Every structure is written in structure tokens, then in C-alpha cells.
Amino acid sequence: MTSILHIDCSARTSGSVTRALSGRVVENLRTADASATVTRRDLTTIDLPHVDGAVAEALFIDDETLDEQQKHALTLSDLLTGELLAAETVVAGIPMYNFSVPSSFKAWIDLVVRPRKTFRKVANGQLEGLCRGKRLFACTAGHGQFNGTPLDHLRPYLEKVFGFIGFEEVVFFDAERMAWGPQEKQRSIAAASVAIDAHFAT
């Protein structure tokens, strides 16, 4: 049985390209495994604060020595980190905002990239990811065509941060050129949809 964490963060709840593509990936995964479980996390429906001083301090304290105030500060981080650790597969709809990820997705990352939870120190000061065996399907969309250019800070960042916590595979399904006119937009969405279906057909 596959456990899936399905995340969306587009500010658009209607007509969102990344929401449609991430939903298509989940549909393919559930077709491949009818017993798959899906945990849904829409980052636009919860208050995702930036890491403040209380959270920053509590993140680096052993669980056994946390006081009640520190435990309270980590309540949301514990919830989101638990969802991530429980999932074998993460499916995320991530539009490009200003050449990178939306601030809501960055806030989510800051709450789940945690010492002793999703990474740890090993010998000689090295760090090791604790999310081994997991994979990310990232469905992206952007107004321009930046994939593979110096202006693309979205895909390289996602590869780095998920690789850092131990993910073994990061797969992108990209719909670019959303502002290049309606015909080009539809061609790009169709191509991304075909790529999703072809990936799971194999």
C-alpha cells in the first residue's frame, strides 16, 4: 500500500495549473495502487508562520528536555513533519513565484527540515537525511521559460533540499510559458499532462 502526501500551495484555488497537475499525478498513483492512502495538505488553508525565536530554539533541543512552552511552539512543525515521515511519496503542486517557490511552501520546508527528525549529524560533522526511500513528484508552472537557466531557483532548490533530507528521487512535471498566450499555455499544460501519464504508464 502506497502512502501519499499531496501538497498544494498555489494562491489560486480555481484554475490553478499546478493543482490540476498534482491531482493528475495522485490519480495515476491511485490507479496503480487502489489501496493507496492520501493525506491532503493545502498550504493556503492553514496559517503557516515563519520560524520565530521560540521555534528556532526548540528545534535544536532534544525531545526529552523540551519544556511545555517549547513543545507548544513545535505543535505545527510536529504535525507537518509527522505527515512527511509517514508518506512514501510526496506529490506537490508548486508554481514559480519570482523565480522560486511560493513563501508558503518555503515556510512548510522550514518546519519539516528538522534535526533528529528528517536529518541528523553523523561522524566527522557530516549530515545525513532520514527520509530515505521517499520520492517527490513536483508539478510546477511558470509564466516564462526558465527551466535550466540561471533564473531558475525553483527546481535546483527543490532538488537540493529534498536530497538533503534523504529523498532518493525528485521528478518534475513542468508547465512553462503560461503567459505566452492561450494556445501556448494549453500546449504546455497538455504536454505536462502527457508526460505524467507516460511516466506512470511505464
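Caption draft 1: Broad picture of the packing of helix α1 (residues 17-32) against helix α7 (residues 182-201). Two elements in contact, α1 and α7, have axes separated by 10 Å at closest approach and are oriented at 20°. On the basis of their axis angle, the class for α1 and α7 is roughly parallel. Relative to α7, the crossing made by α1 is right-handed. Each of Val17, Leu21, Arg24, Val25, Asn28 and Leu29 in α1 lies in contact with α7, whose residues at this interface are Lys185, Ile189, Ala192, Ser193, Ile196, Asp197 and Phe200.

Caption draft 2: Structural view of the nonpolar core. One finds Ile94, Phe105, Trp108, Leu158 and Phe162 to be the most contacted residues of the largest nonpolar core, which totals 37 residues. Put simply, the parts of the chain that give this core at least two residues each are β1 (3-8), α2 (53-58), α4 (75-86), β3 (89-95), α5 (103-112), β6 (135-141) and α6 (155-164). Top element by residues in this core is α5. It accounts for six residues. Look past the residues within four positions of leucine 158 in its chain and what remains in contact with it is Ile94, Val101, Phe105, Ala138, Gly163 and Phe172.

Caption draft 3: The arrangement of the packing of aromatic side chains in detail. Going through the model one piece at a time under the given rule, you end up with eight aromatic pairs. Judged by centre distance (5.3 Å) and plane angle (80°), the rings of phenylalanine 99 and phenylalanine 146 are edge-to-face. Highlighted residues: phenylalanine 99 in the loop between β3 and α5 and phenylalanine 146 in the loop between β6 and α6, separated in sequence by 47 residues. Measuring from ring centre to ring centre gives 6.2 Å for phenylalanine 137 and phenylalanine 173, while their planes differ by 15°; the resulting arrangement is stacked. Of the two residues, phenylalanine 137 is situated in strand β6 and phenylalanine 173 in strand β7 (residues 169-175); the sequence distance between them amounts to 36 residues. A network of ring pairs unites the aromatic residues Phe105, Trp108, Phe162 and Phe167 as a single cluster.

Caption draft 4: Representation of the side chain of serine 3. With respect to the helices and strands, serine 3 occurs in strand β1. Judged by its relative accessible area of 14%, serine 3 is buried. A polar atom in the side chain of serine 3 sits 3.1 Å from the backbone oxygen of alanine 86. Excluding its chain neighbours within four sequence positions, the residues that come into contact with serine 3 are Thr37, Ala86, Ala87, Glu88 and Thr89.

Caption draft 5: Here's a closer look at the pattern of salt bridges. The final tally for this structure, using the stated rule, is 16 salt bridges. When the shortest N-O distance is used, the salt bridge between aspartate 63 and lysine 117 registers 2.9 Å. Of the two residues, aspartate 63 is situated in the loop between α2 and α3 (68-73) and lysine 117 in the loop between α5 and β4 (119-121); the sequence distance between them amounts to 54 residues. By relative accessible area, aspartate 63 is classed as partly exposed at 36%. One salt-bridge network, held together by shared partners, links Asp152, Arg155, Asp174 and Glu176.

Caption draft 6: Representation of the sheet that holds β3. On the basis of which strands lie adjacent, the open sheet formed by five strands has the order β2-β1-β3-β6-β7 and parallel pairing. At either end of the open sheet lies a strand with only one pairing partner, and these are β2 (37-42) and β7. The mean inter-strand angle of the sheet, taken between neighbouring strand axes irrespective of direction, is 15°. By the bridge criterion, seven bridges tie β3 to β6 in an arrangement that is parallel. Across the sheet, proline 95 pairs through a bridge with alanine 141, a residue of β6. Sheet strands touched by α4: β1, β2 and β3. Its angle to β2, the strand with the most contacts, is close to 145°. Across the sheet, α7 touches β6 and β7, and the angle it forms with β7 is around 150°.

Cut-offs applied
- Residues numbered from 1 in each chain as written.
- Predicted model: local features only at pLDDT ≥ 70, side-chain atom pairs only at ≥ 80, totals over all residues.
- Heavy atoms only, no water.
- Axes fitted to C-alpha atoms, helices over the stretch in contact; angles between N-to-C directions.
- Helix = DSSP H or I, 4+ residues; strand = E, 2+ residues; numbered from the N terminus.
- Parallel < 35°, antiparallel > 145°, perpendicular 65-115°, else oblique.
- Left-handed = near helix turned anticlockwise from the far one by under 90°.
- Contact = heavy atoms within 4.5 Å.
- Core = buried A, V, L, I, M, F, W, Y, C linked by side-chain atoms within 4.5 Å.
- Buried < 20%, exposed > 50% of the residue type's maximum accessible area, 1.4 Å probe, protein only.
- Phe/Tyr/Trp six-rings, centres within 6.5 Å; stacked < 30°, edge-to-face > 60°.
- Polar contact = N/O pair within 3.5 Å; in protein donor to acceptor, adjacent residues only side chain to side chain.
- Salt bridge = Lys/Arg side-chain N within 4 Å of Asp/Glu carboxyl O.
- Pairing = 2+ DSSP bridges.

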